[in-house]
Amino acid sequence: MATQKPQRSLEEIEDIILRKIFFVTLTENPEVTASDRLVVYLEMTAAELLSEGKSLRLSRDLMERVLIDRLSGDVPNAELPFEYLLGCYRRAHEESKKISNMKDKTVRAEMESVTRQAKKLSVSYCKIHLGNPDLFSSGNSANTNSNNASSSRSPLLPLIFSEVSSGVIDGFGGSVGGSGVQCPPGFLEEFFRDSDFDSLDPILKGLYEDLRGSVLNVSALGNFQQPLRALLFLVSFPAGAKSLVNHRWWIPKELYMNGRAIEMTSILGPFFHVSALPDRTIFKSLPDVGLQCFSEGSRQRPADLLSSFTTIKTVMNNLYDGLGKVLMSLLKNSETRENVLEYVAEVINKNSSRAHLQVDPLSCASSGMFINLSAVMLQLCEPFLDVNFSKRDKIDPKYVFYGNRLDMRELTALYATSEEVTQWINKNNPVKTDQSSQCSNSENRLLQSLEARSSGSNASELALHNLKQLSTSGQKTKYHFICECFFMTARVLNLGLLKAFSDYKHVVQEISRFEDTLSTLKAMQGQAPAPQLRLEISRLEKEIEQHNQEKFCYEAQIFRDEALLQRALSFYRLMIIWLVELVGGFKMPLPSNCPMEFACMPEHFVEDVLELLIYGARIPKVLDGIPLDDFLNFIIMFMASPNYIKNPYLRAKMVEVLNCWMPRGSGSSAMSTLFEGHQLALEYLVRNLLKLYVDIEFTGSHTQFYDKFNIRHNIAELLEYLWQVPSHRNAWRQIAKEEEKGVYLNFLNFLINDSIYLLDESLNKILELKEIEAEMSNTAEWERRPAQERQERTRLFHSQETIIRIDMKLANEDVSMLAFTSEQITAPFLLPEMVERVASMLNYFLLQLVGPQRKSLILKDPEKYEFHPKELLNQIVRIYVHLVRGDKKNVFPIAIASDGRSYNDQLFGAAADVLRRICTDVRVIQDFIELGAKARAAASEAMDAEAALGDIPDEFLDPIQCTLMKDPVTLPSSRSTVDRAVIQRHLLSDNTDPFNRSHLTVDMLIPNHELKARIEEFIRSQRLKRHGDMI
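Residues numbered from 1 in each chain as written. Predicted model: local features only at pLDDT ≥ 70, side-chain atom pairs only at ≥ 80, totals over all residues. Heavy atoms only, no water.

Draft legend 1. The arrangement of helix 12 (residues 225–235) in detail. Buried residues dominate helix 12, accounting for nine of its 11 residues. Turning to helix 12, its buried residues are Gln 225, Gln 226, Pro 227, Leu 228, Ala 230, Leu 231, Phe 233, Leu 234 and Val 235. If you follow the buried residues of helix 12, they end up packed against helix 9 (156–164), helix 10 (187–192), helix 11 (197–215), helix 13 (238–245), helix 15 (269–273) and helix 17 (302–332). (Buried < 20%, exposed > 50% of the residue type's maximum accessible area, 1.4 Å probe, protein only. Helix = DSSP H or I, 4+ residues; strand = E, 2+ residues; numbered from the N terminus. Contact = heavy atoms within 4.5 Å.)

Here's what the structure looks like:
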């Protein structure tokens, strides 16, 4: 029978477990040290214990003493202190698992306490070692020297990576592994939680610097996910969050600090820099996304492009989610929330110049950073972007003016001037809740700006004085987080997402420009090959390839991310609802006076809404599920309200949005309902489009003359669509009746002006084009010309082609609108101040199309230039016919005949012949011929009347037209006398006195009854005299 093994005492078990954990022994045993060289015999410690009369057994009381002696001892080839301590923790964890299987509850409880103490001690000395790396370096010099390369990074980092790297993949779909180091379960949790902040702070700061360095210049396809998860892990601990926001690189404060420097030097900056978007060479991230995914992208298979788009969208959304969680973790902590808001505000303020057309890449953060920040800010907004925006009452408009975090007061306002904004701010000082003894940075900047601009101006000096009083009062207002988040998101989107739209547009335009130039150069090379041309062609092809890669990168990160764009649309829907509440809600008409809170709001709030809607409409599925009614209401309310939104280009952009939404063909039922079943649209859309058509004549820009044609093109397309909708057509007819001598007459005047200019310009350019074409067709003569001259003439030829195509397209639209509207609305065309203008226009068009010079307008490919002379003639003739059918007073034939510039009776017969050949409606041709006869008779009568009047006194002649006045009026400023119809025609285009440029309106005209009576008497007497002579 076997002898039973004697049971060990608690002291013996404790000694065995601690020897296993700490790899030390107090008794010299050659067999032990030979079998495991890591076990260290603490000879000195053993001698001390013997001298103290203590046993040579390890116990919890000796634990710390033994550990210190082991770390401080001169142990050849021993592990580095951190590795040793980590091993101790791991072995303690393994022993605790074995202890859990002990049957004796007393022993189990005692030993569990021992292992807990061992783990706690291991963690504690890990902190001591990391905080003082040289404290336990004795005996480890060889290992220390061999690890110099890695000693600059915290040994905690591989453990954290190991902890957070489960399932992490890189941009290529490959697994991102750690360094092979496995972190013992619970070690990091115990290391960072519930400990002395002062001891942890330097360790954490070093970790943050290591993490920042690990993602510096890493692109979307690199390993950013592991460091990002590590960052999120650290800030989940209160000490980690506190250490991060107190790091000197949280918001770098150096004097030279700008937007780019914050991006590259702050702890979070390099994380936000990770992107698929292109950046300047010196800041370029790797792997190169454009080269990796979109090399020769224009020739890639659609499936390959889609795969790259999907990969980039996936990894970028991982980045957005990770960064969002980091900021949310910090925001939930009341001790760090303010620091996050300060960081975001600093990034915004230091990068305000990103809103400029030209952005300095050395002083401004990258587009990638701001796209990422845009996505993260939208995530932070999600809690208050519910369907009904129930928390919008927390958004205080006064934040724009009195908030001490963002520089918003100097942004261009919707309506108010900078002086008006300043005066209103000073007048409406809000209730203060938070006292401070110093003026905010933004107030200081505004003070400096006003001081620089005052220059003795009384208004500026008063504003400066008032603002100083406000600033030195030392009071600041505290705003709700929702309010701060809302306005910060609006600023970030303006500098980020919306700026990226502009950058993308520029890249696309550059590609188009390069391709046009390349096409021209290749054509020239075919005619006369030259080495210089080949080099230039090669350079352009490389430029196009580079720009195409950039274009695909923008599409991948932004335009293929429907969820990102839809979140932005949801945010901007809140924006417009909130803005409308500032003016009293969605109702028309608007109050006559614009509330100052609305007038002072930054203009880009509205511009960004519209820009996003335009791009959203061009991308499939982005607008799906987005309620557009509120956007439509907003557009209708402010499109024709210059007293609310001063910038005419901003109001014109509203039309561009509607143009993008306009139903085209089948599958547009939702948009059709939006336009055709929307109450505000049915009542105000046509009216406001007509008003904007008039307002856009004078934008105040030096390019206003050319800008108006593009804007009116969008308006014309919308109006043509609305004319086909019966309810809108009825509204149009009612407006024409109500505003016969108001906005509708102005609209008609500008429509006619544009038609004349565009058609005249197009026809003249056709003659110039044919001249160059003739030069190029004479090959022998053409080849003898210098190469530079040929190149210039070729470029001019292509330029003229483009101008003709654009102008002719616009002219066709205008003539078409005159045709379809004149069929049902004739009265405004026949007013005294308009009828002669209309007749002159139609006569001029008729002369060009069927007159003696028509053969010179024949083109080889008229369709290429949108030139359809037969269709154009048909439209012109229909306008003639529509007006004569509505002419109850027979004024139209008289106006036709009185046109001394273009009227020719024979043109009516020539036009009728063409109309018969193109199978125009017989009734139209017949009515047109009859109109020609009426005009001929009117011309004959006019000649007889002119002969009867003989010499007309100069005082009876209109000084502008040199025609006999019918209704003379005196102009109040110059005191000149003119014919009412003539001056009213002038005032349709220009509200000034033609003789001295002073302001003038129709209601200011003074009837000259005495002169009118004398003119009438003169006519009567001359007719009687003529009649007497004939008898």
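From this point, the narrative continues.
Draft legend 2. Geometry of the environment of Lys 54. Relative to the assigned elements, Lys 54 resides in the loop between helix 3 (43–51) and helix 4 (63–72). Lys 54 gets classed as partly exposed once you look at its relative accessible area, which sits at 42%. Within the structure, the side chain of Lys 54 is placed 3.5 Å from the side chain of Glu 52, a separation counted as a polar contact. (Polar contact = N/O pair within 3.5 Å; in protein donor to acceptor, adjacent residues only side chain to side chain.)

Draft legend 3. Representation of the side chain of Gln 226 in the model. Note that Gln 226 resides in helix 12. By relative accessible area, which is 4% here, Gln 226 ends up buried.

Draft legend 4. Seen up close, the packing of helix 27 (residues 562–581) against helix 30 (residues 629–638). Close contact between helix 27 and helix 30 brings their axes to 10 Å; oriented N to C, the two are set at 45°. One element, helix 27, and the other, helix 30, form an angle in the oblique class. For the element pair helix 27 and helix 30, the recorded crossing hand is left-handed. Residues Leu 569, Tyr 572, Arg 573, Ile 576, Ile 577, Leu 579 and Val 580 of helix 27 form the contact with helix 30, whose participating residues are Asp 630, Phe 631, Phe 634, Met 637 and Phe 638. The class makeup of the residues in the contact of helix 27 with helix 30 is 10 nonpolar, no polar and two charged. (Axes fitted to C-alpha atoms, helices over the stretch in contact; angles between N-to-C directions. Parallel < 35°, antiparallel > 145°, perpendicular 65-115°, else oblique. Left-handed = near helix turned anticlockwise from the far one by under 90°. Nonpolar A, V, L, I, M, F, W, Y, C, P; charged D, E, K, R; others polar.)

Draft legend 5. Seen up close, the sheet that holds strand 7 (residues 1006–1007). An order of 6-5-7 is seen for the three strands of this open sheet, with the pairing classed as antiparallel. The sheet terminates laterally at strand 6 (977–979) and strand 7, the two strands that pair on one side only. Where strand 5 (residues 968–970) lies against strand 7, two bridges are found, and the strand directions are antiparallel. Within strand 7, the residue paired with Thr 970 across the bridge is Ile 1006. Relative to the sheet, helix 44 (residues 980–987) contacts strand 5, strand 6 and strand 7, its axis offset from that of strand 6 by approximately 85°. (Pairing = 2+ DSSP bridges.)

Draft legend 6. Quick peek at the pattern of salt bridges. As enumerated under the stated definition, the model contains 52 salt bridges in all. A salt bridge links Glu 562 to Lys 313, with the nearest nitrogen and oxygen atoms 3.6 Å apart. Of this pair, Glu 562 sits in helix 27 while Lys 313 is found in helix 17, placing the two residues 249 residues apart along the sequence. Residue class for Glu 562 comes out partly exposed when judged on its relative accessible area of 26%. Residue Asp 754 is joined to Arg 712 by a salt bridge in which the shortest nitrogen-to-oxygen separation is 2.8 Å. (Salt bridge = Lys/Arg side-chain N within 4 Å of Asp/Glu carboxyl O.)

Draft legend 7. View of the packing of helix 36 (residues 743–777) against helix 38 (residues 787–822). Across the interface, helix 36 lies against helix 38 with an axial gap of 7 Å and an inter-helix angle of 150°. Taken together, helix 36 and helix 38 sit at an angle that is classed as roughly antiparallel. In this structure, the crossing between helix 36 and helix 38 has a hand that is left-handed. Among the residues making up the contact of helix 36 with helix 38, the classes are represented as 22 nonpolar, five polar and 11 charged.

Draft legend 8. Structural view of the packing of aromatic side chains. On inspection of all chains with the given rule, the structure shows 44 aromatic pairs. With centroids separated by 5.5 Å and ring planes inclined at 55°, the aromatic side chains of Tyr 880 and Phe 928 adopt a geometry described as tilted. Of this pair, Tyr 880 sits in helix 40 (residues 869–885) while Phe 928 sits in helix 43 (residues 922–949), and the two are 48 residues apart along the sequence. Phe 928 matches Tyr 880 in its accessibility class, with the two residues each being buried. Every member of this aromatic cluster is reached through a ring pair, and the members are Tyr 399, Tyr 479, Phe 486, Phe 487, Phe 571, Tyr 572, Trp 578 and Phe 605. The ring of Phe 552 has Lys 551 sitting right over it, with the charged end atom 4.5 Å from the ring centre. Lying across the ring of Tyr 615, Arg 618 places its NZ or CZ 5.6 Å from the centre. (Phe/Tyr/Trp six-rings, centres within 6.5 Å; stacked < 30°, edge-to-face > 60°. Lys NZ or Arg CZ within 6 Å of the ring centre and 35° of its normal.)

Draft legend 9. The confidence of the model for the protein, seen in detail. Looking at the protein, the pLDDT average stands at 86 and 90% of residues meet or exceed 70. Throughout residues 144–150 the model reports pLDDT below 50, and contacts reaching past four residues in sequence, or to other chains, amount to two contacts. Taken as a whole, residues 431–474 scores under 50 in pLDDT and shows 61 contacts with residues more than four places along the chain or in a different chain. (pLDDT = per-residue confidence, 0-100.)

Draft legend 10. Up close: a positive patch on the surface. A surface patch of positive charge is lined by Arg 854, Lys 855, Lys 870 and Arg 917. A residue is classified by how much of its surface remains accessible, and Arg 917, at 62% relative accessible area, is exposed. (Patch = residues over 30% accessible without salt bridge, like charges linked within 9 Å, V, L, I, M, F, W, Y side chains within 5 Å. Areas by Shrake-Rupley, 256 points an atom, 1.4 Å probe, with all protein chains shown as cover. Lys, Arg positive; Asp, Glu negative; His and termini not counted. Charge placed at Lys NZ, Arg CZ, Asp CG, Glu CD.)

Draft legend 11. Summary view of the nonpolar core. One finds Leu 156, Phe 187, Phe 192 and Trp 661 to be the most contacted residues of the largest nonpolar core, which totals 307 residues. If one sorts the elements of this core by residue count, helix 36 sits on top with 15 residues. Residue contacts for Phe 187: discarding those within four places in its chain leaves Phe 82, Leu 86, Tyr 89, Val 123, Cys 126, Leu 156 and Leu 159. Counting eight residues, the second largest nonpolar core, distinct from the first, contains Phe 514, Leu 521, Met 524 and Ile 544. (Core = buried A, V, L, I, M, F, W, Y, C linked by side-chain atoms within 4.5 Å.)

Draft legend 12. Representation of unusual backbone geometry in the model. Residue Pro 287 follows Leu 286 across a cis peptide bond; omega there is -5°. Here Pro 287 is to be found in the loop between helix 15 and helix 16 (289–294). The linkage connecting Met 588 with the following residue, Pro 589, adopts the cis geometry, with an omega of -5°. Unlike most non-glycine residues, Phe 23 shows phi in positive territory, near 55°. Positive phi, close to 65°, is recorded for Arg 975, a residue that is not glycine. By the secondary structure assignment, Arg 975 is in the loop between strand 5 and strand 6. What makes Arg 975 exposed here is its relative accessible area of 53%.

Draft legend 13. Local environment of helix 42 (residues 905–917). Inspection of helix 42 places Leu 907, Phe 908, Ala 911, Ala 912, Val 914 and Leu 915 among the buried residues, and these make up the whole buried set. End-on view of helix 42: buried residues confined to an arc of 165°, all on one side of the axis. Along helix 42, exposed side chains directed more than 90 degrees from the buried face belong to Gln 906 and Arg 917. Of the residues that open helix 42, the one with a side-chain oxygen 3.0 Å from the backbone nitrogen of Gln 906 is Asn 904. Phi for Cys 919, located one or two positions after helix 42, is positive at around 60°. (Arc of directions from axis to C-beta.)

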